[in-house]
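Working through the structure, step by step
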Amino acid sequence: MKGRSTQVERMLLVMILFLLATPLFAGDPAQLWVSTKGSDTAEGTEKHPLLTLDMALRKAREMRRLAEPAAKDGIHIIIEGGTYRLNEPIRIRPEDSGTAGSPTIIRSAGTGQPVLSGGKVIRGWIRKGNLWEADAPTMGTDVIDFRQLWVNNRKATRARDYNDHKMGRILSWDHVSRTCMIPFPKKWKAEQLVGAEMVILQWWAIANLRIKEVKVMGDSARLSFYDPESRVQSEHPWPAPWISKETGNSAFYLTNSRQFLDQPGEWYLDKRAGKVYYWPLPSEQMTSATVVAPYLETLLKMEGTIDRPVSHVYFKGISFQHASWLRPSQYGHVPHQAGMYMLDAYKLQVPGTADKKGLENQAWVGRPAAAVEVLYAHHTGFEACRFEHHASTGLDYKKGTHHNLIIGNLFKDIGGTGIQVGTFSEESVEAHLPYDPADEREISTNETIANNLITDVTNEDWGCVGIGAGHVRGINIVNNEISNVSYSGISMGWGWTRTINAMRNNTIRANKIHHYGMHLYDVSAIYTLSAQPGSVIAENVIDSIYQAPYAHDPHHWFYLYTDEGSSYFSIRDNWTPAEKFLQNANGPGNTWENNGPLVADSIRARAGIQPPYQYLLKDRSPAAPHRKINQYVPEDDKPSLIEIASANADAPDAQLLKRIAGEFKLPAGSLYQWNNRAVIYARLKDPRSLRANLAANFPKATVKLYTDRFYSFDRQTHCAENQLKEQDQVILTAKLVRNPGLQKEYFSHYATQFEKWPEVARGLCQAGFQSVVMFREEDQLMLIISLPKGRTSDQLNAKTLENNPKVQQWNKMIRKYEEGQPGAKTGQTWSLFKHLN
């Protein structure tokens, strides 16, 4: 009951504060009216409205400068329905600020939806076969560049090589020459690819790479790319293109070439010819369709300074549409994480920084543009607004903001992140450094994000998120619904550090997150980074993660994910279909309590958008029909084996292994080591999560999960006297000879041993072996033997031979298939691991 009352009290407080801060009907506020039929020389009354919001803001600013009595109870700028096409961003400055008792409220008149659009309408379409052609929009004599096109408010597809959600697979990536090999169909024309783009999946991000040169080599081609993205893409280690026999190489598609315009719903901009080409869907009539290309990157800038912030300005019921973002076309786009693009990045020759001993990479990042940007502002807000049809971020409270409210809005059809808050990294500061400014006014503090519907966002930059919070303090992310995102639902934190920093007292509570991970994995509904003392993740409901067909690891998805440095969190009472969580390289002080499918129905019922705002749900985007939903199937109850093999002769860091074992609550005696290899052998709820954690913590090592258990003897199944005794465990390793024919014989012998060589099992029984299990991964063999406590394998091996010559024959036969590992003693086939814990 305590958790429930805390939530209700918090939300009641949020709603009361919002109503008090924005008194729509209290007192007698001054009114300024805006209409598409108005004039900026008019008085601004309801009968004689202004034409632009800019002029209304100027008049309001003058009323405050002159301290006019009419502004005593506030100023309402009332915008009538219609589309207001902007040629420059609307700017709200410190001089536009109101006060708690006299706020400035910019709101809908309630007679239709007022739309502030950054787009240009394209008219004059002429049919030419399947395609329709129109003059591209211009500014003066220059053709306007754009990367999106909306036809009747539906985003059309920029012409691409693979259709119907399909992608290709790269053949290789050469980091030295900075080139990529791809399959090259005969129908493609290499000369038409120069200036096109490659979009490539790399773990938890994509990259947009402008193609500079194409060298065709039979049925494949080598691509090179323009700088700066060519340099950054090939020098940074994380994330990077992957090459994998198991899951396939990195997926890609090519776009922005006329030759790819080959099916309905696709478009192409020919800047040189000044023409736009579009192949309409059967339902579209181009003579009457409304076609919009984005022009402005930012529609609204609310910007103060650290000493003179903007305050007490609110938007209600306004729609923001058609913002552009052109950086990928100008400089390429290689994100680090959560859409933050790398300005410079490279691998360290000598790993380690003062804050992170094992860090092997450096990165400096930039922040994508947003349709609405807020900087140095407090007591501002957006309620019942619509953020739709944008190329990049929807709404961004960037820095130096506090006590702002984002309540009851729709974020839909957005290329990047829906809502973004707080500093991630300054462009001049390396991304992995703790952020804790001397002047705390820089920190985004006590922001509230509540009752918003965030759906079909991240639909271009697949590595963005529904809600992204950087270095924030006291943020409340509550009762939102997030669906149909390409990556994670909510990401909170930055820096990858356990060091205490600016972040603390943050709350993610009672959100409903479903249908996420559409394209990328290493993913979670809720994801955190770094130390955040006093922070809570509670009472959220998470369900339905998509099966991403081109993910680097099809198992690397989670419902909750506390990543590097996450510390001092309370994670409790979150409903998920299964306990598929990841705690990767966490710091101290995290508590996990009552998360999973057994959380009370009453908690599930309270998650998501609350009744006053549920009218938003009619705008929820439908689930993707071409994507299945993951069904988590726990591993069987048998122990799992994971091996960590160092790239050099050094043994894996034992202390780090022990810390990870503690985080995953592994039993004592489950860690082993031999030479440069370590092994974990234990019963695990989710061995793939542990493998992923180890791979992240040992980036230079090879981390294998052994799944091929090809032989299993156990006393209870194979022995007449089958009472189990207290056990010791022994793990040994060897290699198979590199002869496919002999390997096939080897596994055939083991597959038929109980039938054709029953004497071997009888010998194991009489000697007292409790169990013998063998795993194989390619040519690597692992042997796990359970012995009665205090006995040795040599003692028991001798007893298997007593009155049983067949065992000796078996042993002699099987030796020809096995050989010692590199580093084993001369003449030694099986090498013994020693206990680490």
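As the structure is a prediction and not an experimental result, all values here were calculated from the model.

A few words now on the sheet that holds strand β36 (residues 405-407). Spatially, β1-β2-β5-β27-β33-β36-β40-β44-β47-β50-β53-β55 is the arrangement adopted by the twelve strands of the open sheet, whose pairing is parallel. Each of the sheet's edge strands pairs with one partner strand only, and the pair in question is β1 (30-34) and β55 (591-593). The sheet shows a mean angle of 10° between the axes of neighbouring strands, taken without regard to direction. Bridge count for strand β5 (residues 104-108) against strand β27 (residues 313-316) is four bridges, and the pairing is parallel. Bridge pairing in β27 links I105 to Y314. In the packing of helix α2 (residues 53-65) onto the sheet, the strands contacted are β1, β2 (75-79), β5 and β27, and the crossing angle to β2 comes to about 170°.

One way to put it is that helix α11 (residues 758-767) packs onto helix α12 (residues 793-800) with a least axis distance of 8 Å and a crossing angle of 125°. Regarding the angle of α11 to α12, the classification is oblique. Here the hand of the crossing between α11 and α12 comes out right-handed. Between α11 and α12, the contacting residues are G763, L764, Q766 and A767 on the first element and L796, K799 and T800 on the second. When grouped by side-chain class, the residues that make up the contact of α11 with α12 number three nonpolar, three polar and one charged.

A word on the sheet that holds strand β58 (residues 677-682). Pairing is antiparallel in the open sheet, where five strands are placed in the order β59-β56-β58-β57-β66. Every interior strand has two partners, whereas the edge strands, β59 (702-706) and β66 (834-835), have only one. Bridge count between strand β56 (residues 640-645) and β58: six bridges; the pairing is antiparallel. Within β58, the residue paired with A645 across the bridge is R677.

As a further point, take the pattern of salt bridges. Going through the model one piece at a time under the given rule, you end up with 41 salt bridges. A salt bridge links D73 to K72; its shortest N-O distance comes to 3.5 Å. Across the pair D227 and R178 runs a salt bridge whose closest N-O atoms are separated by 3.9 Å. Residue D227 is found in the loop between β20 (220-225) and α3 (229-235), and its partner R178 is found in the loop between β16 (172-174) and β17 (179-183); the two are separated by 49 residues along the sequence.

Axis separation between helix α9 (residues 740-751) and helix α13 (residues 805-815) bottoms out at 11 Å; the angle between their running directions is 155°. With respect to α13, the axis of α9 lies roughly antiparallel. Crossing geometry of α9 relative to α13 is assigned as left-handed. Taken together, the residues of α13 that come into contact with α9 (itself represented by Y746, H749 and Y750) are W810, M813 and I814.

Tracing the backbone shows K580 in the loop between β53 (567-572) and β54 (581-583). The buried category is assigned to K580, whose relative accessible area is 3%. Among the polar contacts listed, one links the side chain of K580 to the backbone oxygen of W557, at a separation of 2.6 Å.

What follows concerns α2. Spanning 13 residues, α2 covers 18 Å between terminal C-alpha atoms, matching the ideal 18 Å at 1.5 Å per step. Restricting attention to buried positions, one finds in α2 the residues L53, M55, A56, L57, A60, M63 and R64. Where α2 is buried, its residues meet β1, β2, β4 (90-92), β5, β6 (114-117) and β27. Remark: A67 follows α2 within two positions and exhibits a positive phi of approximately 55°.

This part takes up the environment of G44. Its place among the elements puts G44 in the loop between β1 and α2. In this structure G44 touches Q31, L32, W33, P49 and L50, once residues within four positions along its chain are discounted.

Definitions and cut-offs
Residues numbered from 1 in each chain as written. Predicted model: local features only at pLDDT ≥ 70, side-chain atom pairs only at ≥ 80, totals over all residues. Heavy atoms only, no water. Pairing = 2+ DSSP bridges. Helix = DSSP H or I, 4+ residues; strand = E, 2+ residues; numbered from the N terminus. Axes fitted to C-alpha atoms, helices over the stretch in contact; angles between N-to-C directions. Contact = heavy atoms within 4.5 Å. Parallel < 35°, antiparallel > 145°, perpendicular 65-115°, else oblique. Left-handed = near helix turned anticlockwise from the far one by under 90°. Nonpolar A, V, L, I, M, F, W, Y, C, P; charged D, E, K, R; others polar. Salt bridge = Lys/Arg side-chain N within 4 Å of Asp/Glu carboxyl O. Buried < 20%, exposed > 50% of the residue type's maximum accessible area, 1.4 Å probe, protein only. Polar contact = N/O pair within 3.5 Å; in protein donor to acceptor, adjacent residues only side chain to side chain. Expected span 1.5 Å × (residues − 1).

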